[in-house]
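Take a look at the letters that make up each chain.
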Amino acid sequence: MAAAAFSSVLRPALAPLRPWRALSHRALGPAYSTSSSPRSAASDEATIISGTKLAKQVLKEVQRDVESWISFGNRRPHLTVILVGDNPASHIYVRNKIKAAAAVGISSEIILRPKDISQEELLDMTVKLNKDSRVSGLLVQLPLPDHIDERTVCNAIAPEKDVDGFHIMNIGRLCLDQPSIIPATAAAVWEIVKRTGIQTFGKNVVVAGRSKNVGMPISMLLHTDGEHERPGGDATVTITHRYTPKEQLKIHTQLADIVIVAAGQQQETAQLSHV
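Described below are features of the structure shown in this document. (Residues numbered from 1 in each chain as written. Predicted model: local features only at pLDDT ≥ 70, side-chain atom pairs only at ≥ 80, totals over all residues. Heavy atoms only, no water.)

### Here we look at the overall build of the chain
Here is step 1 of the chain: A count of helices and strands for the chain gives 10 helices and six strands.
Here is step 2 of the chain: By the burial criterion, 49% of the 275 residues in the chain qualify as buried.
Here is step 3 of the chain: For the chain, contacts bridging at least 24 residues in sequence account for 69% of all contacts bridging at least 6.
Here is step 4 of the chain: For the chain, the computed accessible surface area is about 13700 Å², with 53% contributed by carbon and sulfur atoms. (Helix = DSSP H or I, 4+ residues; strand = E, 2+ residues; numbered from the N terminus. Buried < 20%, exposed > 50% of the residue type's maximum accessible area, 1.4 Å probe, protein only. Contact = heavy atoms within 4.5 Å. Areas by Shrake-Rupley, 256 points an atom, 1.4 Å probe, with all protein chains shown as cover.)

### Side note on the nonpolar core
Here is step 1 of the chain: Membership of the largest hydrophobic core comes to 21 residues, with the highest contact counts inside it found for Ile182, Val205, Ile218, Leu221, Leu222 and Ile260.
Here is step 2 of the chain: Membership of the second largest hydrophobic core comes to 18 residues, among which are Ile111, Ile117, Leu142 and Val153. (Core = buried A, V, L, I, M, F, W, Y, C linked by side-chain atoms within 4.5 Å.)

### Some details on the sheet that holds strand E1 (residues 78–84)
Here is step 1 of the chain: One open sheet accounts for three strands, arranged E2-E1-E3; its pairing is parallel. With one partner strand each, in any of the chains shown, strand E2 (107–113) and strand E3 (137–140) form the two edges of the open sheet. Adjacent strand axes in the sheet meet at a mean angle of 15°, parallel and antiparallel pairs treated alike.
Here is step 2 of the chain: In the sheet, E1 pairs with E3 via four bridges, with the strands oriented parallel. By the bridge assignment, Thr80 is partnered in E3 with Leu138.
Here is step 3 of the chain: Docked against the sheet, helix H4 (residues 119–131) engages E1, E2 and E3, running at close to 180° with respect to E1. (Pairing = 2+ DSSP bridges. Axes fitted to C-alpha atoms, helices over the stretch in contact; angles between N-to-C directions.)

### Concerning a negative patch on the surface
Here is step 1 of the chain: Residues Asp116, Glu120, Glu121 and Asp124 make up a contiguous surface patch of negative charge.
Here is step 2 of the chain: With respect to the helices, strands and loops of the structure, Glu121 is situated in helix H4. (Patch = residues over 30% accessible without salt bridge, like charges linked within 9 Å, V, L, I, M, F, W, Y side chains within 5 Å. Salt bridge = Lys/Arg side-chain N within 4 Å of Asp/Glu carboxyl O. Lys, Arg positive; Asp, Glu negative; His and termini not counted. Charge placed at Lys NZ, Arg CZ, Asp CG, Glu CD.)

### Description of the pattern of salt bridges
Here is step 1 of the chain: Tallying each qualifying case throughout the model produces six salt bridges.
Here is step 2 of the chain: Among the salt bridges present, the one from Arg134 reaches Glu109, with a minimum N-O distance of 2.9 Å. Of this pair, Arg134 sits in the loop between H4 and E3 while Glu109 sits in strand E2; the two residues are 25 residues apart in sequence, bridging distant segments of the chain.
Here is step 3 of the chain: The closest approach of N and O atoms between Arg134 and Asp132, which form a salt bridge, is 3.8 Å.

### What to know about the sheet that holds strand E5 (residues 236–240)
Here is step 1 of the chain: Taken in spatial order, the three strands line up as E5-E4-E6 in an open sheet, and their pairing is parallel. In this open sheet, the two strands that pair with only one neighbour each are E5 and strand E6 (258–261). Between one strand and the next, the sheet's axes are offset by a mean angle of 20°, whatever the strand orientation.
Here is step 2 of the chain: Bridge count between strand E4 (residues 204–208) and E6: four bridges; the pairing is parallel. Paired with Val207 across the two strands is Ile260, which belongs to E6.

### Quick notes on unusual backbone geometry
Here is step 1 of the chain: Cis geometry is adopted by the peptide bond preceding Pro143, which originates at Leu142 and carries an omega value of 5°.
Here is step 2 of the chain: Relative to the helices and strands, Pro143 resides in the loop between E3 and helix H5 (150–156).
Here is step 3 of the chain: Positive phi, normally seen in glycine, also occurs at Asp177, with a value near 60°.
Here is step 4 of the chain: Assignment of secondary structure puts Asp177 in the loop between helix H6 (168–175) and helix H7 (184–195).
Here is step 5 of the chain: For Asp177, a relative accessible area of 6% puts it in the buried group.
Here is step 6 of the chain: Its identity as a non-glycine residue notwithstanding, Asp234 has a phi of 55°, on the positive side.
Here is step 7 of the chain: By the secondary structure assignment, Asp234 is in the loop between helix H8 (215–223) and E5.
Here is step 8 of the chain: By relative accessible area, Asp234 is classed as partly exposed at 26%.

As structure tokens, then:
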């Protein structure tokens with residue numbers, strides 16, 4: 001999710017300039033795809049959408065926005081990442097976020113804490129960073145150790161600095177079709193849909209995966225009213241998950257105009273490959 005953090009950290013800072021975009025290289029990769037991508041008139045073969053190409057376009061746009069923001073005399077956006085423990089995947093994700101932030105001119109820092117840090121200490125740190133005017137965006141890299149409640153930590157981050165878009169207020173505003181910071185992977189899928197001209201109005205969409213960070217927000221973006229404050233896709237959305245019977249999954253996907261795979265479970269992805 002290299003581009004996820006920096007794009008969200010600028011949303012509060014660059015609000016006067018333009019509506020903000022959030023894309024992540026992970027979300028734009030092959031694991032997240034639409035079966036209703038543009039098709040050739042001469043064949044029924046789907047055209048491959050290059051997520052990498054789209055991500056590069058967005059990176060350039062973000063860089064221009066950062067330069068414009070600073071040229072008006074504003075402080076350079078700053079991202080702070082709290083990284084707890086030694087999870088190898090988390091360290092890779094954070095490294096990519098910091099690298100992407102630097103590429104577009106956003107300053108950043110990583111605060112490392114041991115896996116045995118107490119929840120109280122982590123919450124105290126979060127509150128201090130909320131009050132730090134130097135910090136434009138803040139995220140606590142997930143997952144956290146078992147003794148720490150992730151929901152409590154996510155809700156402790158100030159909504160306007162909530163880079164991940166996991167605060168209950170941001171999720172609530174998303175569900176009410178109001179502007180909010182949207183989880184990066186879901187925002188990336190939505191950006192792909194819009195930039196490639198995929199029509200969702202009145203279409204049947206299947207979202208494979210029901211996670212609160214990916215499947216749920218993608219579904220909210222696709223099914224909500226296109227004329228609301230935060231326009232949606234006006235699609236009819238069906239959510240499938242690990243307990244959806246294979247026979248039903250086959251029926252849903254065959255009826256769908258668009259299929260979005262947001263599943264991290266190998267079993268569910270394998271079922272889709274055989275549908």
